[in-house]
Amino acid sequence: MAAAANPTSLESAPRILRLVAECSRSRARAGELRLPHGPVATPVFMPVGTQATMKGITAEQLDALGCRICLGNTYHLGLRPDSGGFQMVSLVSLSEVTEEGVRFRSPYDGDETLLSPERSVEIQNALGSDIIMQLDDVVSSTVTGPRVEEAMYRSVRWLDRCMAAHRRPDKQNLFAIIQGGLDADLRATCLEEMTKRDVPGFAIGGLSGGESKDQFWRMVALSTSRLPKDKPRYLMGVGYATDLVVCVALGCDMFDCVFPTRTARFGSALVPTGNLQLKKKQFQKDFRPIDPKCACPTCQKHSRAFLHALLHSDNTAALHHLTVHNIAYQLQLMGAVRASIVEKRFPDFVRDFMGTMYGDPTLYPTWATEALASVGITLS
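The next subject is the overall build of the chain. When its secondary structure is counted, the chain shows 14 helices and 14 strands. Burial status across the chain gives 53% buried among its 380 residues.

This brings us to the packing of helix H8 (residues 241-249) against helix H14 (residues 366-374). Closest axis-to-axis distance for the H8/H14 pair is 9 Å, and the angle between their directions is 20 degrees. With respect to H14, the axis of H8 lies roughly parallel. Between H8 and H14 the crossing geometry is left-handed. Facing Thr-242, Asp-243, Val-246 and Ala-249 of H8, the residues of H14 in contact are Trp-367, Ala-368, Ala-371 and Leu-372. Its residues assigned to classes, the contact of H8 with H14 shows 6 nonpolar, 1 polar and 1 charged.

Another aspect to go through is the confidence of the model for the chain. Scored by pLDDT, the chain has a mean of 90; 89% of the residues are at 70 or more. The low-confidence segment residues 1-11, where pLDDT is below 50, has 17 contacts with residues more than four positions distant or belonging to other chains. Below pLDDT 50 for its whole length, residues 80-90 participates in 32 contacts with residues either more than four positions away or in separate chains.

Grouped burial of nonpolar side chains is what soluble globular proteins tend to show. In terms of nonpolar packing, the biggest core is built from 62 residues, with Phe-216, Leu-235, Phe-255, Leu-333, Phe-346 and Phe-353 touching the most fellow members. The dominant element in this core, judged by the number of residues it contributes, is H8, at 7 residues. Aside from chain neighbours lying at most four places away, what touches Leu-333 is Ala-241, Leu-244, Val-245, Phe-349 and Phe-353. If you look at the next biggest cluster of nonpolar residues, it comprises 23 residues, including Leu-278, Ile-290, Cys-294 and Leu-331.

Our focus in this paragraph is the pairing of strand S10 (residues 201-204). Going residue by residue along S10, you find Gly-201 and Ala-203 tucked away on one face and Phe-202 and Ile-204 tucked away on the opposite face as well. By the bridge criterion, 4 bridges tie strand S9 (residues 173-178) to S10 in an arrangement that is parallel. Residue pairing across strands places Phe-175 opposite Gly-201, the latter belonging to S10. For the handedness criterion, the β-α-β arrangement of S9, helix H6 (residues 184-194) and S10 is classed as right-handed. Of the strand pairs in this sheet, S10 and strand S11 (residues 233-235) are connected by 3 bridges, and their pairing is parallel.

Once that is clear, we can look at the pattern of salt bridges. Summed over all chains, the structure comprises 28 salt bridges. Measuring nitrogen to oxygen at the nearest pair gives 3.4 Å for the salt bridge that ties Arg-15 to Asp-230. The partly exposed category is assigned to Asp-230, whose relative accessible area is 37%. The partner of Glu-122 in a salt bridge is Arg-119, with the nearest N and O atoms 3.2 Å apart. On the criterion of helical spacing, the pair formed by Glu-122 and Arg-119 is a turn pair, its members being 3 residues apart in helix H4 (residues 117-127).

Parameters at a glance
Residues numbered from 1 in each chain as written. Predicted model: local features only at pLDDT ≥ 70, side-chain atom pairs only at ≥ 80, totals over all residues. Heavy atoms only, no water. Helix = DSSP H or I, 4+ residues; strand = E, 2+ residues; numbered from the N terminus. Buried < 20%, exposed > 50% of the residue type's maximum accessible area, 1.4 Å probe, protein only. Axes fitted to C-alpha atoms, helices over the stretch in contact; angles between N-to-C directions. Parallel < 35°, antiparallel > 145°, perpendicular 65-115°, else oblique. Left-handed = near helix turned anticlockwise from the far one by under 90°. Contact = heavy atoms within 4.5 Å. Nonpolar A, V, L, I, M, F, W, Y, C, P; charged D, E, K, R; others polar. pLDDT = per-residue confidence, 0-100. Core = buried A, V, L, I, M, F, W, Y, C linked by side-chain atoms within 4.5 Å. Pairing = 2+ DSSP bridges. Right-handed = clockwise from strand over helix to strand, strands pointing away. Salt bridge = Lys/Arg side-chain N within 4 Å of Asp/Glu carboxyl O.

This is the structure we're talking about:
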């Protein structure tokens, strides 16, 4: 195990999170990230732009929707400049992990490249993002056995290498990534080791990869219970509405996922009751907006019937309109969550949200009911 950072430097990392309000019942909190490019209200959902741009929407449109932060990907931007770990799962057939780093075979030209902790930080320093992520050794959440322990301890060692390689700590905030799979003891060990390092924020990694929801929420709850209160907590790869609301209750501040943009490309529009599959014939003569209460440009200008017709043509405009709406939905949801925390009515908000999403209480997911009950929010 690599040694922790020098204790004399414990006050050196910038404190980028200002807490604004906390729920007296659950672990939910509202805050503000103070970042070089401007403040970001939390809890926050961050759309994913793998190659520094969203598919089907411009940066100006994102700004107009109120998006203040989004993701890029170190590996892809390092290969084609037009976070480290997740690509190790999604591109596992193209990669090999050693203590040195991750050796990838490029999906673009077949060339081999080494992404080491040092190289990962070097690329991110060059990109200039406000938040940069350590390179972590991440395995699928469904993997068990010695590989999970190996990946956890290696992630701690790689965090130290990333901290040592970081050349712009005054302008870019390095986040550690908690690993340990679904093993509570390994995750607790990782939390103990990584929280000794003075970094500006922490991500909860290695989840949302096929594990059961019961396992998922228990690992999230374990992690937030042991992370510093004064630093942001970023739950990676989570984007379903119910998951967002429940995990805010469990104490998470930041989320990212390709779900809202990817599902738009399949003709699915996100609404408070779930989603609308606009390709279905039932929307052929439905001249209402996707969501009458949504202020996004799509809902202000276009009907379900119009979008249905576009989806059945060769015109890709429907995918653009749905992407705009789905991102707006996510951002509006998180804004409403934050307002309810500030106004000290978060438990009531959660009950209203679940009632709207599922209708009959017997349809509430058991995992969500149990997760919320664990932090004092009952749905009955």
